[in-house]
Amino acid sequence: FLDRGMLSDMAELEVGVLFQPPWHYMDAPGLEAILPPEEINRFMDYDAILESGVLAAGGSDHMAKLDKNLSQNPYNPFIGLHNMLTKKARDGKVYAKTSVSRYDALKTYTINGAKAVFAEDSLGSLEQGKKADFVVLDKDYFTCPVDEIFDICPLEVYFDGEKVEC
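Rules behind the numbers
Counting from 1, residues in each chain are numbered in the order their sequence is written. For a predicted model such as this one, the threshold for reporting local features is a pLDDT of at least 70, and the threshold for listing and counting side-chain atom pairs is 80 or more; totals across whole chains, interfaces and linings nevertheless cover every residue. The side-chain figures draw on all heavy atoms in the structure; neither hydrogens nor water molecules are used. Cavity: a set of points on a 1 Å grid over the protein atoms alone where a 1.4 Å probe fits but cannot get out. Pocket: an open set with protein on both sides within 12 Å along at least five of seven lines, its lining residues, like those of a cavity, having an atom within 4 Å of a point. Grid points are joined across faces, edges and corners, and a volume is the space filled by probe spheres set on the points. Going along the chain from the N terminus, every DSSP run of H or I of four or more residues is numbered as a helix, and every run of E of two or more is numbered as a strand. Side-chain classes are defined by residue name, with Ala, Val, Leu, Ile, Met, Phe, Trp, Tyr, Cys and Pro counting as nonpolar, Asp, Glu, Lys and Arg as charged, and the others, Gly among them, as polar. At least two bridges found by DSSP between two strands is the condition for calling them paired. To get an axis, a line is fitted to the C-alpha atoms, and for a helix only the part in contact is used. The angle between two axes follows their N-to-C directions and goes from 0 to 180 degrees. In this scheme, a residue with accessible area under 20% of its type's maximum is buried, one over 50% is exposed, and one in between is partly exposed, where area comes from a 1.4 Å probe on protein chains only. The arc under discussion is defined with respect to the helix axis, by the directions toward the C-beta atoms. Each polar contact in these results corresponds to two N or O atoms within 3.5 Å; when the atoms are within protein, one needs to be able to donate a hydrogen and the other to accept it, and residues that are neighboring in sequence are counted only if both atoms are side-chain atoms. Contact definition: two residues touch when any of their heavy atoms are within 4.5 Å.

*Asks:* How would you explain the layout of surface pockets if you had to name every residue and give the values?
*Replies:* Approximately 1600 Å³ is the volume attributed to the largest pocket. Around the largest pocket, the lining comprises 38 residues; the ones closest to its centre are Pro77, Tyr109, Thr110, Phe134 and Val135. Elements with a contribution of two residues or more to the lining of the largest pocket: α5 (77-86), α6 (102-109), α7 (111-116), β3 (134-137) and β4 (154-159). Counted by class, the lining of the largest pocket contains 24 nonpolar, 8 polar and 6 charged residues. Here the second largest pocket is characterised by a volume of approximately 160 Å³.

As structure tokens, then:
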């Protein structure tokens with residue numbers, strides 16, 4: 001529950017933020033019972049996070065590898081990306097407006113994640129000299145209808161340039 005003041009302080013101190021959009025996807029429906037609307041709107045305020053200038057990396061905070069979509073904090077990155085673009089939770093309700101672009105959302109899961117673990121020289125983007133970790137998807141993330149992002153699936157997965165089972 002960051003506010004713009006905290007984010008400003010974090011940017012000044014060069015502190016990054018690791019956030020988990022699947023947490024919003026799973027928990028936003030329950031927050032109405034315990035928080036006022038203005039606090040719910042601050043929960044995972046992606047616009048404020050990205051506008052603040054802090055290093056912002058998205059993930060799942062998932063500990064046990066159960067079902068990628070149904071776990072308490074799903075680790076399917078497309079659930080998180082969809083939530084960053086729509087603020088739509090598992091009940092189908094939109095809990096706040098968001099204006100995050102597809103590019104900026106994806107960046108939090110790729111190059112910003114690599115920067116967060118000090119691995120941007122070898123991970124996070126497809127460039128000469130970096131590990132070739134990438135996926136071939138069944139839909140184009142950048143052009144498919146936004147509600148189809150939730151259901152994107154990998155057709156092939158490559159780790160360090162080698163095809164692996166997915």
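*Asks:* Any details on the sheet that holds β3? Residues and values, ideally.
*Replies:* One open sheet holds the 3 strands; their spatial order is β3-β4-β5, and the pairing between them is antiparallel. This sheet does not close on itself; its edge strands, each paired only once, are β3 and β5 (162-164). The sheet shows a mean angle of 30° between the axes of neighbouring strands, taken without regard to direction. In this structure, β3 lies alongside β4, joined through 4 bridges in antiparallel fashion. When the bridges of β4 are listed, phenylalanine 134 appears paired with tyrosine 158.

*Asks:* Which residues make up unusual backbone geometry, and what are the values?
*Replies:* Even without glycine at this site, glutamate 14 takes up a positive phi of about 60°. Locating glutamate 14 in the fold gives a position in the loop between α1 (4-13) and β1 (17-19). Unlike most non-glycine residues, methionine 44 shows phi in positive territory, near 60°. Following the sequence through the fold, methionine 44 ends up in the loop between α3 (37-42) and α4 (46-51).

*Asks:* Give a description of α6 that names residues and reports values.
*Replies:* All of the buried residues along α6 are Arg102, Ala105, Thr108 and Tyr109. Across the axial projection of α6, the buried residues extend over an arc of 125°, all falling on one side.

*Asks:* Please provide a residue-by-residue account of the side chain of lysine 130, values included.
*Replies:* Inspection of the secondary structure assignment puts lysine 130 in the loop between α7 and β3. Looking at lysine 130, its side chain comes within polar contact range of the main-chain oxygen of leucine 123, at 3.5 Å. A polar contact of 2.6 Å, which involves the side chain of lysine 130, links it to the side chain of serine 125. Setting aside residues up to four positions removed in sequence, lysine 130 forms contacts with Ile111, Glu120, Asp121, Ser122, Leu123 and Ser125.

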